[in-house]
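Commentary on secondary and tertiary structure
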Amino acid sequence: MSAELRPATSKTLPDEARFHESGWLTGQVTATSHPGEPHGAGLGQRLNWLRAGVLGANDGIVSVAALVVGVAGATTDTGALFTAGIAGLVGGAISMALGEYVSVSSQRDSERALIAKERGELRDMPQQELEELTQLYRERGLSEATARVVAEELTAHDALSAHLEVELHIDQDDLVNPWHAALSSAIAFTLGALLPLLAILLPPPEWRVPVTFVAVLLALAATGTVSATLGGAPRLRAATRLVVGGALALVVTWLIGTLLGTTVV
Ligand SMILES: [Zn+2]
C-alpha cells in the first residue's frame, strides 16, 4: 500500500518530459512553457502529490470502513464501534507512515550511494566521464559534435548534476524526504478513515451499516474519478474498480461480523 503513496519524482517521467522539465535546452521552463501545458517541475510534482494523497485516502476509507462494518455486523454497542474505528484509524495511519518512511529512506540511501560513487568517478577519471556523457547525449539523438559541446558545457557548469540527471535520473536537490512522505501518508489515510468512522457513529443503530455503505461507495467513486483524472486514465473504469472492490470488502466483513456476532455472543 505504501509504494503508491510516494509521489513519482522526475525520474519516472519519460525522457521527453524530462527534457522540458529540466529546462536545460529550453532555458527557464516557466518562461517558455505555453499556458495550459503540463510542463514544468512544479505542476507535475503537485499532481503526483495530490494523486498519492487520494490513493492514501482510499486506503483509509476502505480499511476502516471494512473494520467498522464488520464490528457493526456483530454488535450495536457504540463504544465497541468507536474503539474499533479509532484503533483502525491510528493503527492504519502509523502503518502507512512507517511503510512510507522505510521505503523512502532506503530509496534515498541508495540514491546517496550513487551520488557518492558518481562524485568519486568524476574526481578520479574526468576524461572517461566526459566521454560517457557525450555518448549518453549521442544516444539521445544529438550529433557527435553537438553532444560533445553539450557534454563539455554541462561538465564545465556542474559536472555532477549533469551526470546524475542523464546517467542516473537523480536530481540531488530533489530527494524525497522520508519524514514528509511518512507524515503525508498518515494524514491522507486519516482523512479517508474519518469518513467511515463518522458514517458508522453518527446515524441511529439501524441506519449505521446502510449509511456507511452508501457514504463509502460514493466516496470511492469520487476518489477513483479524481485519481484517474489526475493520472490521465479512463475515469469510469477506475471508479468502477474501486467501488466494486470497496463493496466487496464491506460485504465480506459485514457477513463475517454477523456470523461471529450470532455465534460468539
Ligand atoms: Zn558518469
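As the structure is a computational prediction, the values presented were derived from the model and not from experiment.

**Brief notes about the overall build of the protein chain**
Per the secondary structure count, the protein chain includes nine helices and zero strands. Starting at the N terminus, the α and β elements of the protein chain follow one another as α-α-α-α-α-α-α-α-α. Across the protein chain, every contact between residues at least 6 apart in sequence was considered, and the portion connecting residues at least 24 apart equals 71%.

**What to know about the packing of helix H4 (residues 78-124) against helix H6 (residues 144-168)**
Following both chains from N to C, one finds H4 and H6 inclined at 125 degrees, their axes separated by 10 Å at the closest point. With respect to H6, the element H4 is oriented oblique. The handedness of the crossing between H4 and H6 is right-handed. Contact residues: Leu114, Ile115, Glu118, Arg119 and Leu122 in H4; Ala159, Leu160, His163, Leu164 and Leu168 in H6. The class makeup of the residues in the contact of H4 with H6 is seven nonpolar, one polar and two charged.

**Side note on the environment of Ala65**
Note on placement: Ala65 falls in helix H3 (residues 41-74). Given 30 C-beta atoms within a 10 Å radius, Ala65 is considered buried. Residues Ala65 and Leu197 lie 132 residues apart in sequence; the distance between their C-alpha atoms is 7.1 Å. Filtering out sequence-adjacent residues up to four positions away, Ala65 remains in contact with Pro196, Thr212, Val216 and Leu250.

**Focus: the nonpolar core**
The nonpolar side chains of soluble globular proteins are, as a tendency, buried together. Residues Ile61, Val64, Ala65, Val68 and Val69 are the most contacted members of the largest nonpolar core, which totals 42 residues. Counting residues per element, the ones that place at least two in this core are H3, H4, helix H7 (178-201), helix H8 (205-231) and helix H9 (235-264). Take this core: its biggest share by element is 15 residues, from H3. With near-sequence residues (within four places) excluded, Val69 lies in contact with Val209, Thr212, Leu250, Thr253, Trp254 and Gly257.

**Quick notes on the confidence of the model for the protein chain**
Regions with low pLDDT carry predicted coordinates that are not meant to be interpreted in detail. Scored by pLDDT, the protein chain comes out at a mean of 84, with 83% of its residues at no less than 70. Every residue in residues 1-39 is under pLDDT 50, and counting partners more than four places away or in other chains gives 61 contacts.

**Quick look at the packing of H4 against H7**
H7 packs onto H4 with a crossing angle of 160 degrees between their chain directions and a minimal axis gap of 8 Å. Compared by their axis directions, H4 and H7 come out roughly antiparallel. Taken as a pair, H4 and H7 cross one another with a handedness that is right-handed. Its residues placed into classes, the contact of H4 with H7 shows 18 nonpolar, seven polar and two charged.

Procedures and definitions
Residues numbered from 1 in each chain as written. Predicted model: local features only at pLDDT ≥ 70, side-chain atom pairs only at ≥ 80, totals over all residues. Helix = DSSP H or I, 4+ residues; strand = E, 2+ residues; numbered from the N terminus. Contact = placed C-beta atoms within 7 Å. Axes fitted to C-alpha atoms, helices over the stretch in contact; angles between N-to-C directions. Parallel < 35°, antiparallel > 145°, perpendicular 65-115°, else oblique. Left-handed = near helix turned anticlockwise from the far one by under 90°. Nonpolar A, V, L, I, M, F, W, Y, C, P; charged D, E, K, R; others polar. Buried ≥ 20, exposed ≤ 12 C-beta atoms within 10 Å, placed from the backbone. Core = buried A, V, L, I, M, F, W, Y, C linked by C-beta atoms within 7 Å. pLDDT = per-residue confidence, 0-100.

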